[in-house]
Amino acid sequence: MKQNDSLPTVAVPLRAAPLCPVFGQCGGCQHQDIPYSEELVMKEMSLRRMFRDALGVGEEVFDPIVPSPKEYHYRHRVDLRLLRTKSGEIFIGFTPEGKPNVVPIQACPISMPAVSDSIPRVKEEAVGKLKEKHRNANLVVRTGDDGRVLWGGVGRRSLRLEEADYLWTEVEGRRIHFSLDTFFQANLSILPALMDNIRSLAVLDHETVLLDLYGGVGLFGVVFHPAVKKTILIESDVHSVRLAQHNKGFHHMDGFEVVQGRVEEALPSALAALSGEKITAMIDPPRAGLSETALECVASSAGLNRLLYLSCHPETLVRDLAGFCARGWTMSRVIPFDFFPKTRHLETLVLLRR
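Residues numbered from 1 in each chain as written. Predicted model: local features only at pLDDT ≥ 70, side-chain atom pairs only at ≥ 80, totals over all residues. Heavy atoms only, no water.

Caption draft 1: Just the state of the cysteines, in detail. Within this structure, the stated rule accounts for zero disulfides. Free cysteine C29: the closest other cysteine sulfur is in C26, separated by 5.9 Å. Among the cysteines around C325, which has no disulfide bond, C297 carries the closest sulfur, lying 18 Å off. Using a relative accessible area of 31% as the deciding quantity, one classes C325 as partly exposed. (Disulfide = S-S within 2.5 Å. Buried < 20%, exposed > 50% of the residue type's maximum accessible area, 1.4 Å probe, protein only.)

Dropping the structure here:
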């Protein structure tokens with residue numbers, strides 16, 4: 001299967017009026033011209049067909065797709081390109097895939113209103129910081145629950161925030177901090193539904209140690225730590241580790257360990273120290289999925305028998321699941337979540353058991 005970021009296309013006859021004036025040009029959205037109900041059907045059918053064709057998975061393991069509470073205005077982050085032409089014109093917008101030009105925008109309807117409304121201001125402020133010799137910059141614009149909009153991308157370390165400026169969101173009453181230079185789920189509105197579904201799988205309890213692999217700033221570890229015996233978060237990115245340590249300290253969590261390192265290097269020693277413990281691992285890897293080394297390490301680890309795999313890329317997910325199945329794992333549940341309405345992207349949660 002060709003490696004790209006899309007699910008197979010299913011023709012849908014119904015049409016809706018796009019909210020974005022540059023829909024079809026910027027490349028960010030593919031489904032603003034169809035009703036949301038039809039978009040959900042298309043995504044779920046495509047995912048089921050992909051699993052059936054690649055893995056031979058039956059319909060019985062699939063849950064219905066979980067829709068986003070917000071069809072538009074859900075993204076709390078946008079990545080923009082600022083471009084100054086040779087003639088001195090300045091544009092801010094998105095770069096279509098495979099093309100060097102910028103599609104100028106004034107707003108983005110799939111972004112949260114605070115982010116969308118800030119784009120003209122961000123352009124003005126970025127132009128003021130752009131040195132004369134520089135012709136372009138890649139900007140990150142982000143907000144959180146308190147409505148502040150911060151941006152960076154012009155100048156060294158411009159994406160790094162001071163502790164007092166960290167952005168945050170609350171999930172199940174627990175505040176999770178993040179920065180401009182750290183990964184965090186793009187759609188904050190669907191996170192409660194994700195947590196509810198994870199809890200419904202009944203693989204976390206007070207006798208269980210949670211291994212939060214590729215744990216980022218600690219979203220899953222922080223939310224579920226009160227429900228488990230101990231949490232060990234493993235993350236290689238130094239910026240995310242800094243925020244994970246901050247979140248741990250903010251909630252004064254005992255029995256919460258943050259380990260900086262690659263999963264394939266840090267996991268064996270963590271498991272060795274947990275001999276005899278009841279363990280559930282949560283994996284939320286980058287879009288590229290697991291490396292061959294990481295997959296072999298996780299799939300073959302003694303003492304690890306329950307695994308939650310969350311992926312934003314169905315193709316790499318299917319590839320990795322084939323590797324787990326070849327090593328004696330089975331898929332108990334597959335739950336798709338529409339984290340990215342109006343785009344081709346889809347988040348999928350899979351429960352695996354050895």
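Caption draft 2: Spatial organisation of the packing of aromatic side chains. Applying the stated criterion across every chain yields a total of six aromatic pairs. Geometrically, the ring pair formed by F178 and F184 is stacked, given 4.7 Å between the ring centres and 20 degrees between the ring planes. When sorted by exposure, F178 lands in the same class as F184, which is buried. One residue, R175, lies across the ring of W168, its end atom 3.5 Å from the ring centre. (Phe/Tyr/Trp six-rings, centres within 6.5 Å; stacked < 30°, edge-to-face > 60°. Lys NZ or Arg CZ within 6 Å of the ring centre and 35° of its normal.)

Caption draft 3: Here's a closer look at the sheet that holds strand β11 (residues 278–283). Pairing in this open sheet of seven strands is mixed, and the strands run β10-β9-β8-β11-β12-β14-β13 from one edge to the other. Edge positions in the sheet fall to β10 (256–260) and β13 (330–337), since each of these pairs with one other strand and no more. Between one strand axis and the next, the sheet turns through 15 degrees on average, direction left out of account. Summarising the sheet, β13 and strand β14 (residues 347–353) pair through seven bridges and their orientation is antiparallel. Paired with M331 across the bridge in β14 is L352. Most of the contacts of helix α1 (residues 36–55) go to β13, to which it runs at about 155 degrees, and overall it touches β13 and β14. (Pairing = 2+ DSSP bridges. Helix = DSSP H or I, 4+ residues; strand = E, 2+ residues; numbered from the N terminus. Axes fitted to C-alpha atoms, helices over the stretch in contact; angles between N-to-C directions. Contact = heavy atoms within 4.5 Å.)

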